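# Breakdown of the fold
Spelled out from the first residue to the last, the chains are:
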Amino acid sequence: GPLWLTSFGLRSMARLPWRNFAVLLLCAAVGSIGDDAVDLEDEVQHLSLIQVTAHFNISTLKERAEDMLSMFKEDAAKAAQAVTRGKPKQGPNDKKGSEVYQEQLGLKKNSGGDVETLRTSFVFNMLLIITYLGLFALLQHFQPIVYLNNSQRGRTPPPRESYYGFCLSLDQIQDYAGLDGALLVEFCHLGMRICLYLGVPLALLCLPAYFWLGKHPSQDDSQCSRTVHHTPRSSLDLFSIASLRCNQTMRWFLALFVWFVVYLVQRMLWDAQKRFVQMRIAWLQQRPKPQSSTILVSNIPPRYRSDKKLKDYFERLFPDGTIERVYIVKHLETLMSLLHDFDDAEQKLHESHYEWLQHDQDPDQRPKMMLTTEGEPVDSIEHFTRLVEHLTRLIELERSQIHSADSFTQESLSGASGFVTFKASRDAEMALRLRLEPEGHLFTMQYAPAPRDVAYGDLLTTPGQRQLSHMVGYMLILAVFILFFPLIGLTSSIINLENLEAVGFIKQILNGSGWLQSVLEGVFATLLLALFMGILPTTLSFIIDKTFTLTSSAESQLYLQEWYYWFQVIFVLLVTAIGTSLWQRFNDVLASPKGVLFDLAGNLPNTSTFYMNYVILQWSVSVLNVLRYQNLVKFMAWNTICDETRAKQKSEPEDPDYYGVGSRSARLSLVLAIGLVFSLLSPLVLVMVFVFFLVNRAVFSYLLVFAEELKPDLGGKFWALQLRHVHLVLPIFVLVMSGCIWMEPYGGPGMLALLSLGIWAYEYSRWSDILWETLPFRAVVEGAEQCISHPSEEVYMQEELTR
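All figures in this text were calculated on a predicted structure; none of them were measured in a lab. (Residues numbered from 1 in each chain as written. Predicted model: local features only at pLDDT ≥ 70, side-chain atom pairs only at ≥ 80, totals over all residues. Heavy atoms only, no water.)

### Things to note about the overall build of the protein chain
For the protein chain, the helix and strand inventory stands at 36 helices and 6 strands. For the protein chain, with 803 residues in total, the buried portion stands at 50%. Split by element, the accessible area of the protein chain, about 38,000 Å² in all, is 61% carbon and sulfur. (Helix = DSSP H or I, 4+ residues; strand = E, 2+ residues; numbered from the N terminus. Buried < 20%, exposed > 50% of the residue type's maximum accessible area, 1.4 Å probe, protein only. Areas by Shrake-Rupley, 256 points an atom, 1.4 Å probe, with all protein chains shown as cover.)

Structure follows, in structure tokens:
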């Protein structure tokens with residue numbers, strides 16, 4: 001798909017004369033140069049390249065371009081005409097990137113047909129949910145290894161006893177899915193409680209008041225001539241802040257409600273965090289050895305970079321046999337290459353055996369293969385058997401050389417990070433709180449991740465490489481944010497039905513088939529949105545994996561959760577307030593901070609119906625996850641060349657970019673953010689958000705317990721980040737409400753609402769001060785006395801040396 005789109009765009013550009021296309025690039029870089037260039041800009045305005053580069057104009061380039069512009073103006077006009085293919089100046093392709101995005105997102109202001117739109121959306125999504133559940137009932141019967149594998153292996157009870165996990169308690173879910181999985185379900189509980197505790201009083205107080213004000217508008221508009229006020233456009237708006245109009249008394253009441261919402265939500269977050277801390281302490285105490293008694297040491301000086309030297313260093317600091325084992329991460333490129341070849345050969349051997357098994361192991365039907373184009377076919381089973389044996393000998397030889405290497409060779413192989421395992425967890429906790437050298441950057445220590453989840457490759461990077469790669473990663477993520485609108489605008493000028501009709505035979509087909517043209521119009525209406533939003537998590541995950549150095553593979557989900565959440569907040573929740581450019585909006589906020597109040601207040605309340613539909617759509621999207629269609633397709637494909645057990649291994653896990661705990665946590669947080677921001681603007685949104693969390697509570701209880709493989713557990717770090725995101729969305733809610741009820745000249749109720757940021761800042765500082773990442777020393781002593789931690793057979797050593 002993306003390759004086809006790219007080639008289509010390049011072919012379109014290639015049809016332009018190169019000189020004319022160069023002039024277009026020059027004009028886009030220069031932007032508005034003078035009055036004599038206005039007509040030219042109108043001709044080529046639809047090219048989003050202007051929007052991309054308009055913020056980077058340089059005065060010296062302008063001076064030189066003015067002389068060249070008169071020479072190339074005629075050619076540029078011809079080139080622009082070639083691009084537009086004779087279309088009028090104003091058309092669908094003339095829109096800015098943000099306008100294209102909003103249009104394809106379906107984002108539009110409230111209108112008279114909103115009730116019918118909402119009813120249709122509800123019915124359509126309910127039909128989708130029923131369809132998905134019906135398919136699930138059939139698929140889990142015919143392919144239980146994909147849908148009920150954990151229950152089949154005896155790890156969980158039969159699903160029907162607990163209604164597919166819906167009736168399981170939080171402790172039971174934690175036993176089966178780990179603390180991170182249990183807290184994902186608990187966040188659904190938290191979302192439902194917030195919607196319930198806010199929705200009931202707001203429904204009893206605000207909805208009747210809004211309805212009465214909508215039916216009996218105030219006659220005195222003199223006091224709100226300079227404030228943001230809205231007019232009901234549909235019957236749904238009678239139950240929203242659009243009914244407020246200029247009523248001053250209600251504005252003061254809403255200011256008090258802002259304080260109520262901020263205080264109540266933060267108290268609920270405080271209580272939820274305290275419950276989490278107790279779960280986190282128990283999780284840290286119950287970590288199996290060696291994880292509970294091991295620390296990860298980074299930035300080891302070169303003179304200590306060998307197993308023996310690092311162990312001698314720590315034994316000198318912690319004498320009396322405190323240290324059990326030390327391992328420094330090593331460069332094993334040769335061994336990794338051999339193991340990669342071994343895995344490929346072993347897979348081919350397994351496929352050959354499976355192919356022969358399909359022929360009932362008939363000696364005359366043994367699988368054959370060609371090693372060269374001109375050679376004779378050879379027995380594939382014998383060939384891959386010899387290859388596996390040969391690679392096994394090479395692997396063992398390489399391992400023996402690494403283990404028997406002298407001190408000098410070990411130092412050349414070793415990186416700057418290692419694992420120090422103590423005999424007692426208490427000693428490891430005490431060492432974690434110490435500073436070993438005067439230079440603070442040396443011997444930095446932290447909790448060790450689970451042995452099976454360590455990102456050994458990232459631990460081999462030097463501190464300088466780490467800083468440089470992190471800087472590159474932040475710059476790339478910033479580029480994704482800034483260029484999102486321009487890329488959509490640029491792509492929309494290439495990928496559209498008009499350009500497709502330029503192909504002769506396609507135009508004839510479309511002219512003769514009205515229904516096909518209607519179908520293609522619908523496809524192109526959402527093609528860009530599906531393309532860009534579909535690859536967004538993968539794009540962010542790719543940047544994170546390639547540029548950020550992580551201690552464990554699960555840690556990449558934390559970075560993805562952080563950036564994916566804020567991307568959705570900006571480009572889904574706040575898209576109407578951004579304008580034509582994220583960078584330009586940022587400059588506007590710096591120039592006039594007060595203006596952001598009225599931008600938010602002037603746009604968000606008018607789109608409440610869209611966000612209701614958006615949340616309703618997420619009901620069916622969430623239920624779709626139970627079908628596990630990607631895993632099912634992969635399993636069925638592998639099962640054609642492998643047995644069921646191996647096919648199951650190859651088809652798991654699900655795509656971590658979209659279905660990982662980080663992406664899931666970000667999407668849950670976004671929907672709760674929508675509920676909070678619109679809680680006073682349109683309290684009916686809270687009903688949709690409540691149902692969303694109820695649906696996801698059932699979906700995740702089933703998936704995490706019965707279907708998906710157990711993932712490495714970070715002990716609640718995703719939960720802590722979710723709560724922080726909920727905290728940080730409250731200022732957006734305050735700013736929106738403050739702008740909606742602002743009264744000139746001094747703000748009045750808007751200023752009162754704005755002052756609630758003081759209590760928000762106080763509660764947020766208290767919440768942030770709660771210790772949860774490490775064990776309090778009291779818990780360390782209690783855990784040591786009760787011997788809560790139990791040993792395991794895992795060790796901290798690269799997999800290449802232990803397989």
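Further notes follow.
### Observations regarding the pattern of salt bridges
Taken as a whole, this structure holds 19 salt bridges when the rule is applied. Across the pair R778 and E782 runs a salt bridge, and its minimum N-O distance is 3.1 Å. Linking R778 with E782, this pair stays in helix α35 (residues 777–786), spanning 4 residues, or about one helical turn. The exposure class of R778 is exposed, given its relative accessible area of 52%. Under the relative-accessibility criterion, E782 is labelled partly exposed at 29%. When salt bridges with common partners are traced through the structure, they connect R628, K648, E652, E654, R664, E708 and K711 into a single cluster. (Salt bridge = Lys/Arg side-chain N within 4 Å of Asp/Glu carboxyl O.)

### Some thoughts on α35
Restricting attention to buried positions, one finds in α35 the residues A779, V780 and G783. End-on view of α35: buried residues confined to an arc of 105 degrees, all on one side of the axis. Those residues of α35 that are exposed and aimed more than 90 degrees away from the buried face are R778 and E785. In the segment just after α35, C787 is the residue with positive phi, at about 55 degrees. (Arc of directions from axis to C-beta.)

### Considerations on unusual backbone geometry
Residue P290 is reached from K289 by a cis peptide bond, and omega for that bond is 10 degrees. Relative to the helices and strands, P290 resides in the loop between α11 (248–285) and β1 (294–298). The step from E652 to P653 runs through a cis peptide bond, and the omega angle for that step is -5 degrees. One non-glycine residue, Y164, lies in the positive phi region at around 55 degrees. You can see Y164 is positioned in the loop between α9 (149–152) and α10 (170–215). The phi angle at N299 is positive, at roughly 55 degrees, despite the residue not being glycine. Position of N299 among the secondary structure elements: in the loop between β1 and α12 (307–317). Its relative accessible area of 13% is what places N299 among the buried residues.

### Things to note about the nonpolar core
Counting residues in hydrophobic clusters, the biggest one holds 160 residues, and the most contacted among them are L254, I295, F314, L573 and L680. Looking at which element gives the most residues to this core, the answer is α10, with 20 residues. Ignoring any residue separated from it by four or fewer positions in sequence, one finds L254 in contact with C206, Y210, I241, L244, L680, M737 and I741. L349, W356, V454 and Y456 belong to the second-largest nonpolar core, a separate cluster that totals 26 residues. (Core = buried A, V, L, I, M, F, W, Y, C linked by side-chain atoms within 4.5 Å. Contact = heavy atoms within 4.5 Å.)

### A short note on the environment of Y327
Along the polypeptide, Y327 turns up in strand β2 (residues 323–330). A residue is classified by how much of its surface remains accessible, and Y327, at 2% relative accessible area, is buried. A sequence separation of 93 residues divides Y327 from V420, and the C-alpha atoms of the two residues are 6.7 Å apart. Beyond its immediate stretch of four places on either side in the chain, Y327 contacts D307, G418, F419, Y456, Y796, M797, Q798 and L801. At a separation of 2.4 Å, a polar atom in the side chain of Y327 contacts the side chain of Q798. (Polar contact = N/O pair within 3.5 Å; in protein donor to acceptor, adjacent residues only side chain to side chain.)

### Looking at the packing of aromatic side chains
Within this structure, the stated rule accounts for 35 aromatic pairs. Relative to Y313, the ring of Y304 has its centre 4.8 Å away and its plane inclined at 50 degrees; by these criteria the two rings are tilted. Assigned by exposure class, Y304 and Y313 land together as buried. Seen from their ring centres, Y702 and F706 are 6.5 Å apart, and the 25 degrees between their planes marks the pair as stacked. Linking Y702 with F706, this pair stays in helix α31 (residues 685–707), spanning 4 residues, or about one helical turn. Both residues of the pair, Y702 and F706, count as buried. Through successive ring pairs, a cluster of aromatic residues spans Y474, F481, F548, Y559, W563, F567 and F571. A cation over an aromatic ring shows up here: R766 above the ring of W270, its NZ or CZ 4.1 Å from the ring centre. (Phe/Tyr/Trp six-rings, centres within 6.5 Å; stacked < 30°, edge-to-face > 60°. Lys NZ or Arg CZ within 6 Å of the ring centre and 35° of its normal.)

Any functional reading would require information beyond the geometric quantities listed.
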